[in-house]
Amino acid sequence: MDLLNTLVDKGLRRELPTREEALAVLATSDDDLLDVVAAAGKVRRQWFGRRVKLNYLVNLKSGLCPEDCSYCSQRLGSKAGILKYTWLKPDEASKAAAAGVAGGAKRVCLVASGRGPTDRDVDRVSKTIEAIKEQNEGVEVCACLGLLSDGQADRLREAGADAYNHNLNTSEETYGAITTTHTYADRVETVQQAQAAGLSACSGLIAGMGESDKDLVDVVFALRDLDPDSVPVNFLIPFEGTPLAKEWNLTPQRCLRILAMVRFVCPDVEVRLAGGREVHLRSMQPLALHLVNSIFLGDYLTSEGQAGQADLDMIADAGFEVEGAGTTTLPRHRADALTGGGCGSQASAPEQAGGCGSHEASGGGGCGSHGGGGGCGPCGGLAAVAGGEESAPVTEPVGAPASPAGGPARTDLVAVRRRGAGTDLAPNA
């Protein structure tokens, strides 16, 4: 297929496809699906070999969010039966992080619900970062704390954070239909603040919210322009009790085409398969490893993931290997530039790229990872705690899983998180 040959050639040279080419990938037939995966797989292997980076989510503060993001189980007015608790203490978060590191994760992603952090919240998270790094040598830490105010990114960087995550989620044109309590521009500004502070920027999307192919292409091209080091791709989990509870419109084939399109547009960036992979890809998850070079291990923020050992077995069975702690995730031209190079549009010539970037890390800048929302695709962020005091996690009754339009509850597909940080039950890593 001429289209795929063109896209492979461009991906190997880190050249931007046209929007028409990106749309054509999404429009390919199921008959051509394996050809699409194979083509995007060539680009993935050029820059990342057969390595898979493992990331682990720690939900520092769950629920209780004042924002109205339609996709999120933690949103204002959500009736989803999720765990709700306020701030984990540093030692609790560090203990949770250690479980992921023991399972092979090289990056810990600290996420909390809310609009954005107060300065006191940044102090809390800074102490947590310090505790995690003290007890887990060499681990990377990414924060996902919502909209940042001036100076907060610098403080997180000084505390030892390697990266910051804030997703664009969907196209600018449709953003107002998904969220009204903040704007698309607010999200862009926060990612830029993180970059200016020297944090490795992570920003991605959520697919399956009823968007068009054009919306998907628009947000991925916007991400390329924004210049993140990693792009997490979430697939909507339609939690019952949220406005998007009946948006069951993804198939495994559709998910694979979306991942391939992202890889072609951002060939040398860490593309992470994030929330919803178990729900929507199901038995076709191993094929996605030919497109992405990063996944989350274990549970997400408010939904249970595949068992950690099952993830490790899947990676090995598909012929891939877990990326070691001493390996730099990004290709040399991106790692050397820290947050520079974006999706490859301004990078140096291919012969200077350093292949898949397996050289040892030279300090600073992280590896540009972190996932977006894991599970429910949250806006992230820390809200002020009522009364200003820390409190122990409190779990609430778990409600029914999400249900498709016109059908019974999909208990076989969606499991609300009952274990891990914030509970008395061990995580599954």
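Conventions adopted
Residues numbered from 1 in each chain as written. Predicted model: local features only at pLDDT ≥ 70, side-chain atom pairs only at ≥ 80, totals over all residues. Heavy atoms only, no water. Core = buried A, V, L, I, M, F, W, Y, C linked by side-chain atoms within 4.5 Å. Buried < 20%, exposed > 50% of the residue type's maximum accessible area, 1.4 Å probe, protein only. Helix = DSSP H or I, 4+ residues; strand = E, 2+ residues; numbered from the N terminus. Pairing = 2+ DSSP bridges. Right-handed = clockwise from strand over helix to strand, strands pointing away.

In this structure, what is going on with the nonpolar core? I would like to understand it.
Across soluble globular proteins, nonpolar side chains show a tendency to be buried alongside one another. Val-58, Leu-156 and Phe-235 are the most contacted members of the largest nonpolar core, which totals 94 residues. At nine residues, the largest contribution of residues to this core is made by helix α10 (residues 252-265). Membership of the second largest hydrophobic core comes to ten residues, among which are Leu-57, Val-111, Ala-163 and Phe-296.

Sorry if this is basic, but what is going on with unusual backbone geometry here?
What is expected of a backbone is that most residues other than glycine have negative phi and most peptide bonds are trans. In this model, Asn-169 sits at a positive phi of 75 degrees, which is unusual for a non-glycine residue. Counting through the fold element by element, Asn-169 comes out in the loop between β4 (163-165) and α7 (172-178). Look at Asn-169 and you get buried, because its relative accessible area is 1%. Positive phi outside glycine occurs at Asp-227, with the angle close to 80 degrees. With respect to the helices, strands and loops of the structure, Asp-227 is situated in the loop between α9 (213-226) and β7 (230-235).

Help me understand the pairing of β7, please; the structure alone is not making it clear to me.
Where a strand is regular, its side chains alternate between the two sheet faces. In terms of burial, β7 is a largely internal element, six of the six residues being buried. Neither face of β7 is open: one carries Ser-230, Pro-232 and Asn-234, the other Val-231, Val-233 and Phe-235, and all of them are buried. The sheet contact formed by strand β6 (residues 205-207) and β7 spans three bridges and is parallel. Within β7, the residue paired with Ala-207 across the bridge is Phe-235. Each parallel crossover has a hand, and the one from β6 via α9 to β7 is right-handed. Across four bridges, the pairing between β7 and strand β8 (residues 270-273) is parallel. Across the sheet, residue Val-231 finds its bridge partner in β8, namely Val-271.

Would you mind showing me how to read the pairing of strand β1 (residues 51-61) here?
Within β1, eleven of the eleven residues are buried, which leaves the element mostly enclosed by the surrounding structure. Where β1 and strand β10 (residues 321-322) come together, two bridges link them in parallel fashion. Opposite Arg-51, over in β10, you have Glu-321 as the bridge partner. Considered for its hand, the β-α-β crossover made up of β1, helix α4 (residues 90-102) and strand β2 (residues 107-112) is right-handed.

Geometric values such as these leave the question of function open.
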